[in-house]
Amino acid sequence: MEYPFGSIERKWQQVWREKRIFNAPQQSDKPKYYVLSMFPYPSGVLHIGHASNYSIGDAVTRLKLMEGRSVMQPMGYDSFGMPAENYAILHNSHPRLTTEENIAAMRKQFDGMGFGLDWDREVSTCRPDYYRWGQYLFKKLYEKGLVYRKKSFQNWCEECQTVLANEQVEEGTCWRCHSAVEQKDLEQWYFKITDYAEELLDFSKVIDWPERVMTMQKNWIGKSAGAKIDFTLQDSETKIPIFTTRPDTIYGVTFMALPPEHPLVQGWLANDPDNAAMHDFCHKVINADKMLRSSADTIKEGIFSGRYCINPLNGAKVQIWITNYVLMDYGTGAVMAVPAHDQRDFDFAKKYNIPMKLVIQNLDTSLNLNTMSEAYTEAGIMANSAQFDGRDSETAKADITAWAAENGWGEQTHTYRLRDWGISRQRYWGNPIPVIHCPKCGVVLVPDADLPVQLPDNVQVGRTTSNPLLSVPEWLNVSCPKCGTAARRETDTMDTFVDSSWYYARYADPKNTDQPFAPELAKHWLPVDQYIGGIEHAVMHLMYARFIYKFMRDLGWVDSDEPFARLLTQGMVTKDGAKMSKSKGNTVDPQYIIDRFGADTLRVFLMFASPPEKDVEWSDDGVMGSFRFLNRVWRLIDSHKDIIRKGLATGNPQKEISAEIAELRYEAHHAIFRWHEDCLSRMQYNTAIASTMELLNAIIRIKMPQTLNAAELAIYAFACAALPKMLYPFAPHIAEELWQDLGNTILLHDSGLPEYNKQYLCRDSITYVVQINGKIRGKLEVSADIDPEALKAQALELENVQRSLDGFSIKKIIVVAGKMVSIAAGK
RNA sequence: GCGAAAGUGGCGGAAUUGGCAAACGCGCUGGACUUAGGAUCCAGUGAGGUUAAACUCUUAGGGGUUCGAGUCCCCUCUUUCGCACCA
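This section reports on the structure supplied with the text.

### Brief notes about the pattern of salt bridges
It is possible for side chains of opposite charge to pair when their charged atoms get near one another.
Here is step 1: Using the criterion set out here, one finds 40 salt bridges in the structure.
Here is step 2: Here D342 and R344 are joined by a salt bridge, their closest N and O atoms 2.5 Å apart.
Here is step 3: Assessed through its relative accessible area of 16%, D342 is described here as buried.
Here is step 4: One continuous salt-bridge network, built from bridges that share partners, spans E199, K205, R546, K550, R553, D554, D561 and E562.

### Things to note about the nonpolar core
Generally speaking, soluble globular proteins have nonpolar side chains that are buried together.
Here is step 1: By size, the foremost hydrophobic cluster in this structure holds 97 residues, and its most contacted members are F110, W618, Y685, Y716 and F730.
Here is step 2: Top element by residues in this core is helix 23 (residues 710–727). It accounts for eleven residues.
Here is step 3: Setting aside its immediate chain neighbours within four residues, Y685 contacts I56, A59, V60, L63, M607, P612, C679 and F730.
Here is step 4: The next biggest cluster of nonpolar side chains, apart from the first, holds 96 residues, and it includes L141, I436, L455 and W525.

### Remarks on the sheet that holds strand 21 (residues 431–432)
Strand pairs in the sheet, formed through backbone hydrogen bonds, run parallel or antiparallel to each other.
Here is step 1: If you trace the three strands from one edge of the open sheet to the other, you get 20-26-21, paired in antiparallel fashion. The open sheet has two edge strands, strand 20 (424–425) and strand 21, and neither has a second partner.
Here is step 2: As paired strands, strand 20 and strand 26 (residues 493–494) are joined by two bridges and run antiparallel to one another. Pairing of R425 across the sheet is with T493, part of strand 26.

### Observations concerning the packing of aromatic side chains
Here is step 1: Using the criterion set out here, one finds 46 aromatic pairs in the structure.
Here is step 2: Centroid distance F110 to F115: 6.3 Å. Interplanar angle 55°. Geometry classified as tilted.
Here is step 3: Residue F110 is classed as buried on the basis of its relative accessible area, which comes to 0%.
Here is step 4: Between Y685 and F730, the aromatic rings sit 5.5 Å apart at their centres with planes inclined by 55°, giving tilted as the arrangement. Separated by 45 residues along the polypeptide, Y685 in helix 22 (residues 685–700) and F730 in the loop between helix 23 and helix 24 (732–741) bring together distant segments of the chain. The two residues Y685 and F730 agree in class, both being buried.
Here is step 5: What links up through ring pairs into an aromatic cluster is the set F138, Y142, W189, F191, Y196, W421, F497, Y544 and F547.
Here is step 6: Positioned over the ring face of Y190 is K150, at 4.9 Å from the centre of the ring.
Here is step 7: The side chain of R596 reaches across the aromatic face of Y592, ending 3.7 Å from its centre.

### A closer look at the sheet that holds strand 30 (residues 578–579)
Here is step 1: Reading across from one edge, 30-29-31 is the order of the three strands in this open sheet, with mixed pairing throughout. In the strand order of this sheet, the two ends are held by strand 30 and strand 31 (616–617), each with one partner.
Here is step 2: Here two bridges tie strand 29 (residues 573–575) to strand 30, and the two strands are oriented antiparallel to one another. Counterpart to T574 in the pairing with strand 30 is K579.

### Digging into the pairing of strand 1 (residues 32–37)
Here is step 1: Judged by how many residues are buried, strand 1 sits mostly within the fold: six of six residues are covered.
Here is step 2: Neither face of strand 1 is left uncovered, since the one carrying K32, Y34 and L36 and the one carrying Y33, V35 and S37 both have all their residues buried.
Here is step 3: Sheet analysis places strand 1 next to strand 2 (residues 70–72), joined by three bridges and oriented parallel. Of the residues in strand 2, the one forming a bridge with Y33 is V71.
Here is step 4: In this region the chain leaves strand 1, passes through helix 2 (residues 48–66) and returns to the parallel neighbour strand 2; the handedness of that crossover is right-handed.
Here is step 5: Alignment of strand 1 against strand 27 (residues 530–533), held across three bridges, turns out to be parallel. Across the sheet, S37 pairs through a bridge with I532, a residue of strand 27.

### Some thoughts on the protein's contact with RNA strand B
Here is step 1: The environment of RNA strand B is made up of 61 residues, and the closest members are S294, K300, Y330, R344 and S822.
Here is step 2: Residue K775 places a side-chain N or O atom 3.5 Å away from a phosphate oxygen belonging to RNA strand B.
Here is step 3: Among the residues forming the surface near RNA strand B, the class breakdown is 22 nonpolar, 17 polar and 22 charged.

### Observations regarding the packing of helix 21 (residues 659–682) against helix 23
Here is step 1: Relative to each other, helix 21 and helix 23 sit at 25°, their axes nearing to 9 Å. With respect to helix 23, the axis of helix 21 lies roughly parallel. Handedness of the helix 21/helix 23 crossing: left-handed. Contacts from I661, L664, R665, A668, H669, A671, I672 and W675 in helix 21 reach E712, I715, Y716, F718, A719, A722, K725 and M726 in helix 23.
Here is step 2: Looking at the contact of helix 21 with helix 23 residue by residue, the classes come out as twelve nonpolar, one polar and three charged.

### Describing the packing of helix 21 against helix 22
Here is step 1: Close contact between helix 21 and helix 22 brings their axes to 8 Å; oriented N to C, the two are set at 170°. Comparing the axis directions of helix 21 and helix 22 gives the class roughly antiparallel. Note that helix 21 runs across helix 22; the crossing there is left-handed. In contact with L664, E667, A668, A671, R674, W675, D678, C679 and R682 of helix 21, helix 22 contributes Y685, T687, A688, S691, T692, E694, L695, A698 and I699.

### Some points on the side chain of S385
Here is step 1: Residue position: S385 is located in the loop between strand 17 (381–382) and helix 12 (393–406).
Here is step 2: Taking relative accessible area as the criterion, S385 reaches 0% and is therefore assigned buried.
Here is step 3: Setting aside its immediate chain neighbours within four residues, S385 contacts Y251 and V359.

### Examining the state of the cysteines
Between two cysteines, a covalent bond joining their sulfur atoms is known as a disulfide.
Here is step 1: Following the criterion strictly, the structure yields zero disulfides and no others.
Here is step 2: Of all cysteine sulfurs in the structure, the one in C483 sits closest to C438, which takes part in no disulfide; the separation is 3.6 Å.

### Structural notes on empty space enclosed by the protein
Here is step 1: Under the defined criterion, the tally for this structure stands at two cavities of 30 Å³ or more.
Here is step 2: In this structure, the largest cavity spans a volume of roughly 190 Å³.
Here is step 3: Lining the largest cavity are 18 residues; nearest its centre among them are G81, M82, R425, D495 and T496.
Here is step 4: Those elements that provide at least two residues to the lining of the largest cavity are helix 3 (82–90), strand 6 (162–164) and strand 26.
Here is step 5: Of the residues belonging to the lining of the largest cavity, the class tally is seven nonpolar, six polar and five charged.
Here is step 6: Roughly 50 Å³ of volume is contained in the second largest cavity.
Here is step 7: Every residue along the wall of the second largest cavity is listed here: S52, I56, Q570, G571, L606, M607, S610, P611, P612, K614 and V616.

About the cut-offs
Residues numbered from 1 in each chain as written. Chains lettered and ligands numbered in written order. Predicted model: local features only at pLDDT ≥ 70, side-chain atom pairs only at ≥ 80, totals over all residues. Heavy atoms only, no water. Salt bridge = Lys/Arg side-chain N within 4 Å of Asp/Glu carboxyl O. Buried < 20%, exposed > 50% of the residue type's maximum accessible area, 1.4 Å probe, protein only. Core = buried A, V, L, I, M, F, W, Y, C linked by side-chain atoms within 4.5 Å. Helix = DSSP H or I, 4+ residues; strand = E, 2+ residues; numbered from the N terminus. Contact = heavy atoms within 4.5 Å. Pairing = 2+ DSSP bridges. Phe/Tyr/Trp six-rings, centres within 6.5 Å; stacked < 30°, edge-to-face > 60°. Lys NZ or Arg CZ within 6 Å of the ring centre and 35° of its normal. Right-handed = clockwise from strand over helix to strand, strands pointing away. Near = heavy atom within 4 Å. Polar contact = N/O pair within 3.5 Å; in protein donor to acceptor, adjacent residues only side chain to side chain. Nonpolar A, V, L, I, M, F, W, Y, C, P; charged D, E, K, R; others polar. Axes fitted to C-alpha atoms, helices over the stretch in contact; angles between N-to-C directions. Parallel < 35°, antiparallel > 145°, perpendicular 65-115°, else oblique. Left-handed = near helix turned anticlockwise from the far one by under 90°. Disulfide = S-S within 2.5 Å. 1 Å grid on protein atoms, 1.4 Å probe; cavity = no way out; pocket = protein on both sides within 12 Å on 5 of 7 lines; lining within 4 Å. Points joined across faces, edges and corners; volume = space filled by probe spheres on them.

Structure (structure tokens):
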């Protein structure tokens, strides 16, 4: 007989909904806790990954409620973007319709899993009441000088017909469709995330983030310290600033390397249309595959520009080369090349017979340009460097920079790998950028009163080679809000990562029609106490959100520095060791499991199979194990509920208890203690469930509970009553039902945590292990308060210990309290 | 190449501060029961060894520290992830 999971789950889901126990109050006297899980795209189908992600969040939510906190666990949908547009195309419909249908379908499935979500706070990014405030945020960023427009070469996905941010290019392919990314010269909108680069490097204000994610962001931001030095174009006043992390090698510069995109090069090209070789080379490099060009394996190529520049430190005249290995958008876009001490410059100089100059010597002065087969890139003793000769190169760096600065040739500086965030997308299904282009006034922001700029509905969604918004003249053509002249709307929409950069704040005040959210509500709920999501957002969403949050802080909308205090990057659900995917055909439908074994079984399996941050390997047999476990709990309590109720009602009678029950008491308190550690200190739910199973096994070992005396029955009932509480975060429906079976009227979330008594965490008698030189030679059952000397004596008397010590002399005896006696012996 | 994390039975995984390796679950073996079930209950289950013990070996491999190492240190290998001409 199976327990009636279906009816139980429906019953409690309805009770929770009616009693609104998961609808968080706006304000509360209780300490708040804000639990947030991944912001889903409403695919219409709940995947096993969703089930796993939200099972963790729901466990946290219910634990924090049991702890007595005021908990908010909201849910919403990241519903703009390519997938929604593609879905609509596929179903020959409009994304506005299909998105709402999918949202309704998903909400039902979330409820079917029994997640305690606050549906009063639901947001969807594609609804005007939400995206209105995204546009408002854009305007605020613009007003603060953090938005600009720039024409430059962009990552372009032909498949998606849109540009991509650097973070969204994976191995040269689009992060969405994985088709090749090309370069296209386009005018685009940017958010100046680099203004916050320094602060984004600082993780001191987060409480608990995985080291891995912080490292990935730090590497992505990629700060390097060095010097900016101005070289000068020969016979000219024109400066060519370079950035270097090795100012100690500056006397070794033998050429200057520029990319074809460099403005100086572009100027030479424009003034010299007949130089076919230079034009050809630049054209070839600019249009080369960006991935290939930026790969270390690509063969270095270049062409001599015919120009020279002057090294300000020693007046040396050096050749200027146009090359394929220098990037325009890093540092100053110009490199002082030191072939003797940089491998890239070395390779290039060898190929084109450019002279080299040795300026760093190793400690045994064995370096010789004629015999070097590679650059010497380490620190050493400076040589051929005028007044710096003989100095240690590492410590001389600062002095060289200082000397250059004194003479006005440069300065100490640093640079970042991070680029500004390109947010323009040439797609229909996104948040319109609230800008009007006026032939007289230029870029004009749409006035607040006219927000939101609504997406027109009458658009043919489909594969088009241009932005569909261009095809709606009545939307496109407007008069300038400033001067009234006929003007045109911006047709770019915002990257959906803009929408997801602030949604967690909107949850604090989701229905506000006057502002994005009331600052006092945001200040109450934020930061998010626990965020649960996938590692794939490490340098995208999680960095963008930190940037926008810091901006909102600077506006005074929020009053903390980090949006997500604790971050858990949860693992994937795999099958046969591989990520589940439709193409591999190894997916599992959560609904199938729910229908047969119940949502509780699925949730217990997902939480038990591995710790939350690790991948979960799907196992049909494992699901059966969880199902059997819940059935055993059900049978135990259901068939003994009368005596358990009786035992719970007896108070604490003073009677002798059997050794068997004393052991059960120890097991129960110990299991609850470990559950506390695992659930509240460590977030290791797999072992919390294991402890619950152990307690169940310990209770089942008591065969005839009806024969227990009053004191024993009280202990038995205590142990049984702990089970629903311990199960509640993972299997809330069956837990709530069993809790009620035991005569409780208050729901579990309001009934407090299961409690243990420290007094019962140790046994009266303890088994000591006796080791000789680390090998177990015997065991001793002794009273817990035994005197160490007596213990040593007893240990030495053990027959097996005696035998093992034969022919040895004892050097030392170590007693580890409560654990072991360790004897060090030697010949 | 650089950086990070990891490597434990047939499988998923436990092991708090260096203190009985393999908890818990799955699977498997044998048995009981019969309402024949995706049931339940009992016993067993790292490898070798033994009637049973004793004993030996075992946390990727090798070395070290220690009375004692999955855990700390050094070297090597493997896997996964991130970055990768960043001057």
